[in-house]
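# A look at the structure
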Amino acid sequence: MTPLPGGSPPALDAARARAIRLVGIDVDGVLTDGGIYLGAVDGKPLEFKRYDIQDGLGIHFMRKAGIRVAIVTGRVSESVRLRAAELEIEDVAQDAQARKLPAFRRILERHGIEPAHAAFLGDDFPDLPVLRVVGLPVAVGNAVPEIAEICRITLTRTGGRGAVREFAELLLRARGEWDKVCEQYVSERSPGLDRRDITAPRRRAETGGKGGRKAGGGAGEGGGGGHGR
């Protein structure tokens, strides 16, 4: 399914969105822009990847809404293990042979989830077997044509540049949970502040009150470390 005119992704059906219990995510080209940095220190090979902070918060929001998140990648990297641990993602499959479907099926079976109740975000041919079986196949903006062609949704943002965040917001808005998880996140980081004080600016913006500003589509980010995701 291609994006609507104006660069916006197609709307997600509420019933389909509420049926999703697990979201699987590829790494290279989805959680990252696909680039890798290879080097060595004292003869030990090292691999580095760049991740997007907004993607991390989107993953945090999905988990807060009770949706499991899994990482399935065709490369083995310590970087992925570290990022998954930082985001508290328990289900991580790294297969150097890129046999993603068997690994993904094992994750689903572990949690008693049918493929029809799972979504998967992919960009290239190694993701194709998984995308063919899930209930909600999703292509990031940089996906190859063959991947975009079979997916129900093609995102406007590219891998490593907010695609996962875009999907998280799309999914949670369709489920009617976006505002709740955003306000919960802000409340948890505003000790001693009355909830009415937190939501007042948004209420003023929605009613056009003096000093109000039209509400944006996303949530604020933290500074560094795990709190900013």
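Scroll up a little and you will see the structure.
Report follows, based on the coordinates. Keep in mind it's a predicted model, so treat the numbers as computed, not measured. (Residues numbered from 1 in each chain as written. Predicted model: local features only at pLDDT ≥ 70, side-chain atom pairs only at ≥ 80, totals over all residues. Heavy atoms only, no water.)

### Section: the environment of Arg-161
For Arg-161, the location among the structural elements is in the loop between β8 (153–154) and α8 (163–174). For Arg-161, a relative accessible area of 43% puts it in the partly exposed group. Placed 128 residues apart in sequence, Arg-161 and Asp-33 show a C-alpha to C-alpha distance of 7.0 Å. In this structure Arg-161 touches Asp-33, Arg-50, Asp-52 and Asp-55, once residues within four positions along its chain are discounted. (Helix = DSSP H or I, 4+ residues; strand = E, 2+ residues; numbered from the N terminus. Buried < 20%, exposed > 50% of the residue type's maximum accessible area, 1.4 Å probe, protein only. Contact = heavy atoms within 4.5 Å.)

### Topic: the pattern of salt bridges
According to the stated counting rule, one finds 16 salt bridges in the structure shown. When the shortest N-O distance is used, the salt bridge between Lys-49 and Asp-28 registers 2.7 Å. Of this pair, Lys-49 sits in the loop between β3 (44–48) and α3 (53–64) while Asp-28 sits in helix α2 (residues 27–31), placing them 21 residues apart in sequence. Note on Asp-28: relative accessible area 15%, which makes it buried. Between Glu-177 and Arg-175 there is a salt bridge, and its shortest N-O distance comes to 2.8 Å. Here Arg-175 falls in the buried class, since its relative accessible area comes to 14%. A network of salt bridges, in which partner residues are shared, links Asp-28, Glu-47, Lys-49 and Arg-75. (Salt bridge = Lys/Arg side-chain N within 4 Å of Asp/Glu carboxyl O.)

### Thoughts on α3
In a regular helix each residue adds 1.5 Å, so 12 residues correspond to 16 Å; α3 covers 17 Å between its end C-alpha atoms and thus fits that length. Every buried residue belonging to α3 is among Asp-55, Gly-56, Leu-57, Gly-58, Ile-59, His-60, Phe-61 and Met-62, and all of these are buried. Here the buried face of α3 lies against β1 (22–25), α2, β4 (68–73), α4 (78–86), α8 and α9 (178–188). Backbone nitrogen of Gln-54 and a side-chain oxygen of the N-cap are separated by 2.8 Å at the start of α3; the cap is Asp-52. (Expected span 1.5 Å × (residues − 1). Polar contact = N/O pair within 3.5 Å; in protein donor to acceptor, adjacent residues only side chain to side chain.)

### A short note on the packing of aromatic side chains
Tallied over the full model, the rule gives 3 aromatic pairs. Note on Phe-61 and Trp-178: the rings are 5.5 Å apart at their centroids and 80° apart in plane angle, and the pair reads as edge-to-face. Pair noted here: Phe-61 is in helix α3 and Trp-178 is in helix α9, with a separation of 117 residues, a long-range link. Considered together, Phe-61 and Trp-178 belong to a single accessibility category, that of buried residues. For the pair Phe-61 and Tyr-185, a centre-to-centre distance of 5.6 Å together with 80° between the ring planes defines the contact as edge-to-face. Taken together, the residues Phe-61 in helix α3 and Tyr-185 in helix α9 connect sequence positions 124 residues apart. Residue Tyr-185 is classed as buried on the basis of its relative accessible area, which comes to 6%. Among the aromatic residues, ring-to-ring pairing joins Phe-61, Trp-178 and Tyr-185 into one connected group. (Phe/Tyr/Trp six-rings, centres within 6.5 Å; stacked < 30°, edge-to-face > 60°.)

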